[in-house]
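The residues making up each chain are set out below.
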There are 2 protein chains.
Amino acid sequence: MASTTDANLEKYFKYIDDNTAFLIDQLREAVAIPSISADPKYRSEVFKMGEWVKARLEGLGVRVQMVDPGTQELQGQTVQLPPVVLGEYGTDPAKKTVAIYGHYDVQPAIKSDGWDTDPFTLVEAEDGRLIGRGSTDDKGPVIGWILCLEAHQKLGIDIPVNLKFCFEGMEESGSIGLDAIIYDQADKWFKGTDYTCICDNFWLGTTKPGLTYGLRGLSSFAVEVSGPAADLHSGVFGGTVQEPLVALTRLMSTLVDIDGKILIPGIYDQVAEFTEEEGKRYEGLSFKNTDLIRDLKADCVMHEDEADTLKSRWRFPSLSLHGIEGAFYEAGSKTVIPAKVIGKFSIRTVPYMDLDVVNELTIKHLNSEFAKLNSKCKLNAYNLSGGRWWYSSPDHPNYIAASKAVKRVYGTAPELIREGGSIPVTLTFEEAFKTNVVLLSMGRANDGAHSTNEKLDKYNYIEGIKQFGAYWAEIANL
Amino acid sequence: MASTTDANLEKYFKYIDDNTAFLIDQLREAVAIPSISADPKYRSEVFKMGEWVKARLEGLGVRVQMVDPGTQELQGQTVQLPPVVLGEYGTDPAKKTVAIYGHYDVQPAIKSDGWDTDPFTLVEAEDGRLIGRGSTDDKGPVIGWILCLEAHQKLGIDIPVNLKFCFEGMEESGSIGLDAIIYDQADKWFKGTDYTCICDNFWLGTTKPGLTYGLRGLSSFAVEVSGPAADLHSGVFGGTVQEPLVALTRLMSTLVDIDGKILIPGIYDQVAEFTEEEGKRYEGLSFKNTDLIRDLKADCVMHEDEADTLKSRWRFPSLSLHGIEGAFYEAGSKTVIPAKVIGKFSIRTVPYMDLDVVNELTIKHLNSEFAKLNSKCKLNAYNLSGGRWWYSSPDHPNYIAASKAVKRVYGTAPELIREGGSIPVTLTFEEAFKTNVVLLSMGRANDGAHSTNEKLDKYNYIEGIKQFGAYWAEIANL
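Definitions and cut-offs
Residues numbered from 1 in each chain as written. Chains lettered and ligands numbered in written order. Predicted model: local features only at pLDDT ≥ 70, side-chain atom pairs only at ≥ 80, totals over all residues. Heavy atoms only, no water. Helix = DSSP H or I, 4+ residues; strand = E, 2+ residues; numbered from the N terminus. Rg over C-alpha atoms; globule rule 2.2 N^0.38 Å. Buried < 20%, exposed > 50% of the residue type's maximum accessible area, 1.4 Å probe, protein only. Contact = heavy atoms within 4.5 Å. Areas by Shrake-Rupley, 256 points an atom, 1.4 Å probe, with all protein chains shown as cover. Lys, Arg positive; Asp, Glu negative; His and termini not counted. Charge placed at Lys NZ, Arg CZ, Asp CG, Glu CD. Least-squares fit on C-alpha atoms with pLDDT ≥ 70 in both. Salt bridge = Lys/Arg side-chain N within 4 Å of Asp/Glu carboxyl O. Nonpolar A, V, L, I, M, F, W, Y, C, P; charged D, E, K, R; others polar. Axes fitted to C-alpha atoms, helices over the stretch in contact; angles between N-to-C directions. Parallel < 35°, antiparallel > 145°, perpendicular 65-115°, else oblique. Disulfide = S-S within 2.5 Å. Pairing = 2+ DSSP bridges. Polar contact = N/O pair within 3.5 Å; in protein donor to acceptor, adjacent residues only side chain to side chain. Core = buried A, V, L, I, M, F, W, Y, C linked by side-chain atoms within 4.5 Å. Expected span 1.5 Å × (residues − 1). Arc of directions from axis to C-beta. Domains from an automatic or database assignment. Buried area = accessible area lost by both parts, 1.4 Å probe.

- Per an unreviewed UniProt entry, chain A carries the name Peptidase M20 dimerisation domain-containing protein and comes from Furculomyces boomerangus.

In structure tokens, the structure reads:
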């Protein structure tokens, strides 16, 4: 078996190397469709991109279903949501079935934002960068899977797994409607899925491939302090009326210290103990604080030690203050005493923090601190939204297969990494399909996914497509 | 002399009482011109109102000069500033010369804001309210002076003082250009001015007339805390980067306590000692905390004792927090770590606080508190603007004359009051003309000057016009 795999993969890798110009042309074609989901003016382009994906899949014999998520209200208009493109290829009961997720919409981009070239014209730079909006996020990976399938067909290599594609067009705008479709289709379209693979993330650095096995959760809060019925003039009322903003800034000061330690009692009690074994995973990762400082253009990094920075990003909870609603926020000065102010903050959660317990501890802390202030204003602290953390064992067979695939292509084992943010669909797939989810990456940390001059290195694109084929083969070898 | 005065005033008062319908019609005519200075769409109406004032004054033989303050940038347009209408009536060296200030522009108003009637149609309510935008602020007083002059002429009564009018059209929009004109004209148009009278303020309550002898100053500050070069995603950076907003909320918490005590060391050292004698002025004033609570629609009043509330508004400094620029301020939640945040606050100052010392103490305090935080972010705390407090002795002849005038009309001595806000032009007149300034009021505390359903009570309008004539007579009697 292994020798057949080896031989097939060698043929496949060679085909990919021999056809890079075509592969890049395909990416160019996709980048040229400005499928910006955030802007109603571009909504028809998102649909166009969905049709492009559908046509490409159907051309390869993939059975396609376009699922309509309904409508949304956007900038005062009711607009149709772009379809979730479901694809099915192969139903051989002897094979494992892999579900694959990606998105075909992109972030907004206009040249005047600081792009060196037109964002929707793919440019191949001399240093190997393929520059264009969506190149790395997430058109490169979506097209990569299609090209991988096509290459197998052209070479007459049997696809070693059954495939279930799920490509959405709203990822950059909150994935509206996606969760409902995934839950609805879990026992229909996605029935029999053994493993799930998401490719919408990045290497930790710029030199080593990575596999992501953890994401933090997010609990958002509002702290509303109200006093008078309407905003007041500080000349007439200053010194005579208790000001909601005075109480609010004091409350916001009790949440986290300068060095990032959360001050809500009990919040760390739920965090999994950090083991010595685990500590080893943070050694020798391709991450430098100096890179972080360069990205920030300022040294306001909390930790001197690189591993501490990564632990703080991935492994421990953090609390960030976002702002205040209801207060004066413009330039200049205004002699106002705001009547009602709402502080906004959120907590990034990690295993095994429970959403309900986090909420309870946070609200209790705010109420208790407010009571100490002895203010005549009113407090209403509440949870705005919550999403759970996600954690998968990197020892799971899905990860073993992905890891072997990476090693086969790049000659090195992937870095085992986590992310500080959340990718909510990961949890949805895990819960709906009851399968393991692996986060395989194509691009690098410096691709500028949501920024100007977004790029995908040609190296990452080509090797990434190879890696997809290797992943299918390694799944079949499990 | 006194008997001539008495006889003339009796005739004058009777004329006013006999002509109330005409006087109200005149106010109706002025209210019908929507001279909103804040909105470029209405700028031509402000000019129209200026022309109305000019025509009325010239019709009475007043020598008028329309002074052009130049242009301003307003909502992206360069617009002409409305003229400052200067008027001169009488140059008898045997008489005292009184400068009179008022403004002919008004606050914005549209019916849908909650007006019960069209804001630019003066409505005489059954309870005696004359409802309309500008009725009390400040068209009632401006027209009052004109009607006072006209009445004297119709009755053949010699005007007992020389008059210098100064009516501007930008008071509700920062009095742009006025100060320069006042300083420029101090030794020209206003040469020889003995006393200045401003009528652009209100009684303390709703039953007793008042004379205002003090205003607080205003020093505004910005507290800028910056960290990374651009806003960050809290998922990727939360827990690894020191957040400017965490430092800022802590700094803002060190400025003032819940009960209004300013926490900047040394700030109270400059406040004039509160004497027993002075304490008597706060006894028996027509002010109730219950009225304040009713206005606020909430009990967030700091002081149980009425006199303490007034002392805190008038006599002691206060510090108000206004808001934060650069942070998230919209509804909902956003996972942002703001890169640069600017806290805004201001201090209301009182005798004998020095602007420079206040600035120095405040900046020093912020720098010292920031140093304690041991943050890697950068602090830049600076003064945004400053205006001095104003205080006049209520024993000055100008006040004696005004007080006698009030007593003659209302049968009761005025309440001696101060205001918590600032009326910057007061200080300008005092400094430019080197004369005493009296703040005589026409309307009541509940007139809703900048609010919906602005009104001037017919009683206040009519007696207020009488009071103006009495003030001229009492100045002549000094």
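As for the overall build of chain A
Reasoning step 1: A count of helical and extended segments in chain A gives 14 helices and 20 strands.
Reasoning step 2: Rg of the C-alpha trace for chain A: 25 Å, near the compact-globule value of 23 Å for 478 residues, within the 12% margin.
Reasoning step 3: Here the C-alpha coordinates of chain A stretch approximately 85 × 55 × 45 Å along the principal axes.
Reasoning step 4: For chain A, buried positions account for 60% of its 478 residues.
Reasoning step 5: Long-range pairs, those at least 24 residues apart, make up 80% of the contacts in chain A between residues at least 6 apart in sequence.
Reasoning step 6: Here chain A displays about 18,200 Å² of accessible surface, and carbon together with sulfur accounts for 49% of that area.
Reasoning step 7: Counting 49 positive and 67 negative side-chain charges, chain A places the centres of these two groups 1 Å from one another.

Thoughts on the relation of the copies chain A and chain B
Reasoning step 1: Expressed as a screw transformation, the operator carrying chain A onto chain B has a rotation angle of 180° and an axial translation of 0.1 Å, and the superposed copies differ by an RMSD of 0.1 Å. A rotation of that kind, with that shift, is consistent with a two-fold axis. Closest to the rotation axis within chain A is the C-alpha of T249 of chain A, separated from it by 2.6 Å.
Reasoning step 2: Residue by residue, 100% of the interface of chain A is reproduced at the interface of chain B, so both copies engage with the same surface.

Side note on the interface of chain A and chain B
Reasoning step 1: Opposite the 75 residues of chain A that make contact, chain B presents 75 residues.
Reasoning step 2: In this structure, the connection of chain A to chain B is made through four salt bridges.
Reasoning step 3: Between K376 of chain A and E304 of chain B there is a salt bridge, and its shortest N-O distance comes to 3.7 Å.
Reasoning step 4: Per-element accounting of the side of chain A that touches chain B gives the leading share, eight residues, to strand β13 (residues 318–325) of chain A.
Reasoning step 5: Across the side of chain A that touches chain B, the residue classes tally to 32 nonpolar, 28 polar and 15 charged.

Digging into the packing of helix α2 (residues 20–31) of chain B against helix α14 (residues 458–477) of chain B
In helix packing, the relevant descriptors are the interaxial angle and the interaxial distance, both defined with respect to the helix axes.
Residues and elements named next belong to chain B.
Reasoning step 1: Where α2 meets α14, the axes come as close as 11 Å, and the angle between the chain directions of the two elements is 105°. Compared by their axis directions, α2 and α14 come out roughly perpendicular. Between α2, through T20, L23, I24 and L27, and α14, the contact on the second element is made entirely by K458, Y461, I462 and I465.
Reasoning step 2: Of the residues in the contact of α2 with α14, the class split is six nonpolar, one polar and one charged.

With respect to the pattern of salt bridges
All names here are of chain B.
Reasoning step 1: One pass over the full model with this rule turns up 60 salt bridges over all chains.
Reasoning step 2: A salt bridge links K14 to D18; the shortest N-O distance between them is 2.8 Å. Here D18 and K14 lie together in helix α1 (residues 2–18), a separation of four residues that amounts to about one turn.

Thoughts on the state of the cysteines
Reasoning step 1: Under the defined criterion, the tally for this structure stands at zero disulfides over all chains.
Reasoning step 2: The thiol of C166 of chain A is unpaired, and the distance to the nearest cysteine sulfur, on C197 of chain A, comes to 13 Å.
Reasoning step 3: Look at C166 of chain A and you get buried, because its relative accessible area is 1%.
Reasoning step 4: Looking at C300 of chain A, it has no disulfide partner, and the nearest cysteine sulfur is the one in C377 of chain B, 5.4 Å off.

Here we look at the sheet that holds strand β6 (residues 123–124) of chain A
Residues and elements named next belong to chain A.
Reasoning step 1: Spatially, β6-β7-β20 is the arrangement adopted by the three strands of the open sheet, whose pairing is antiparallel. Two strands lie at the open edges of the sheet, namely β6 and β20 (455–457), each paired on one side alone.
Reasoning step 2: In this sheet, β20 lies alongside strand β7 (residues 129–131) in antiparallel orientation, the contact comprising three bridges. Bridging from a neighbouring strand, R129 pairs with D457 of β20.
Reasoning step 3: Each of β6, β7 and β20 is contacted by helix α14 (residues 458–477), which is oriented at about 65° to β20, the strand it contacts most.

Quick word on the side chain of E150 of chain A
Residue and element names in this part refer to chain A.
Reasoning step 1: Relative to the assigned elements, E150 resides in helix α4 (residues 135–155).
Reasoning step 2: The buried category is assigned to E150, whose relative accessible area is 10%.
Reasoning step 3: Among the polar contacts listed, one links the side chain of E150 to the side chain of R56, at a separation of 2.9 Å.
Reasoning step 4: Every residue in contact with E150, bar those within four places of it in the chain, is listed here: F22, R56 and L60.

A short note on the nonpolar core
Reasoning step 1: W145, F167, Y461, Y471 and W472 of chain A are the most contacted members of the largest nonpolar core, which totals 89 residues.
Reasoning step 2: Ranked by size, the runner-up nonpolar core spans 88 residues in total, among them L57, V142, I143 and F190 of chain B.

Quick notes on helix α2 (residues 20–31) of chain A
Residue and element names in this part refer to chain A.
Reasoning step 1: The end-to-end C-alpha separation of α2 is 16 Å, in line with the 16 Å expected for twelve residues at 1.5 Å each.
Reasoning step 2: Where α2 is concerned, the buried positions are T20, L23, I24, Q26, L27, A30 and V31. Down the axis, α2 shows its buried residues gathered within 150° of arc, on one side only.

Notes on the sheet that holds strand β7 (residues 129–131) of chain B
All names here are of chain B.
Reasoning step 1: The strand order across the open sheet built from three strands is β6-β7-β20, with neighbouring strands paired in antiparallel fashion. Strands at the two margins of the open sheet, each flanked by one partner only, are β6 (123–124) and β20 (455–457).
Reasoning step 2: Direction of pairing for β6 relative to β7: antiparallel, over a ladder of two bridges. Its bridge partner lying in β7, V123 is registered against I131.
Reasoning step 3: Sitting on the sheet, α14 is in contact with β6, β7 and β20, with an inclination near 65° to β20.

As for the packing of helix α9 (residues 289–296) of chain B against helix α10 (residues 306–315) of chain B
Reasoning step 1: Between α9 of chain B and α10 of chain B, the least distance of the axes is 9 Å, while the angle of their chain directions is 65°. Within the contact between the two elements, α9 of chain B uses N289, T290 and L292 of chain B and α10 of chain B uses E306, T309 and R313 of chain B.

Some words on the domain arrangement of chain A
Residue and element names in this part refer to chain A.
Reasoning step 1: Domain annotation for chain A reports domain 1 (2–215 + 389–476) and domain 2 (217–272 + 315–387).
Reasoning step 2: The straight-line distance from the C-alpha centre of domain 1 to that of domain 2 is 39 Å.
Reasoning step 3: Contacts between domain 1 and domain 2 engage seven residues on the former and nine residues on the latter.
Reasoning step 4: Summing the contributions of domain 1 and of domain 2, the shared interface buries around 640 Å²; its carbon and sulfur component is 59%.
Reasoning step 5: Sorting the residues of domain 1 by area buried against domain 2 places W389, R418 and S422 first, and these three jointly supply 77% of that buried surface.
Reasoning step 6: Linking domain 1 to domain 2 there are zero salt bridges.
Reasoning step 7: In this structure, the connection of domain 1 to domain 2 is made through two residue pairs in polar contact (both at pLDDT 80 or more).

Regarding the pairing of strand β8 (residues 162–168) of chain A
All names here are of chain A.
Reasoning step 1: Counting buried positions along β8 gives seven out of seven residues, so the element sits mostly inside the fold.
Reasoning step 2: Along β8, one buried face is formed by N162, K164, C166 and E168 and the opposite face, lined by L163, F165 and F167, is buried too.
Reasoning step 3: Examined bridge by bridge, strand β4 (residues 84–89) and β8 share five bridges and lie antiparallel to one another. Bridge assignment links V85 to a residue of β8, and that residue is F167.
Reasoning step 4: Examined bridge by bridge, strand β5 (residues 97–103) and β8 share seven bridges and lie parallel to one another. By the bridge assignment, V98 is partnered in β8 with L163.

As for the environment of V31 of chain B
Residue and element names in this part refer to chain B.
Reasoning step 1: Within the fold, V31 resides in helix α2.
Reasoning step 2: Along the primary structure V31 and L366 are separated by 335 residues, whereas in three dimensions their C-alpha atoms are 48 Å apart.
Reasoning step 3: Excluding anything up to four places from it in sequence, V31 contacts P119, F120, T121, L122, G132, R133, S135 and K139.

Brief notes about the environment of N460 of chain A
Residue and element names in this part refer to chain A.
Reasoning step 1: Within the secondary structure layout, N460 lies in helix α14.
Reasoning step 2: Along the backbone, N460 and S441 are 19 residues apart, and their C-alpha atoms lie at a distance of 9.4 Å.
Reasoning step 3: Here N460 is in contact with W203, Y410, M442, G443 and R444, once residues within four sequence places are set aside.
Reasoning step 4: Among the polar contacts made by the side chain of N460, one reaches the main-chain carbonyl oxygen of M442 at a distance of 2.8 Å.

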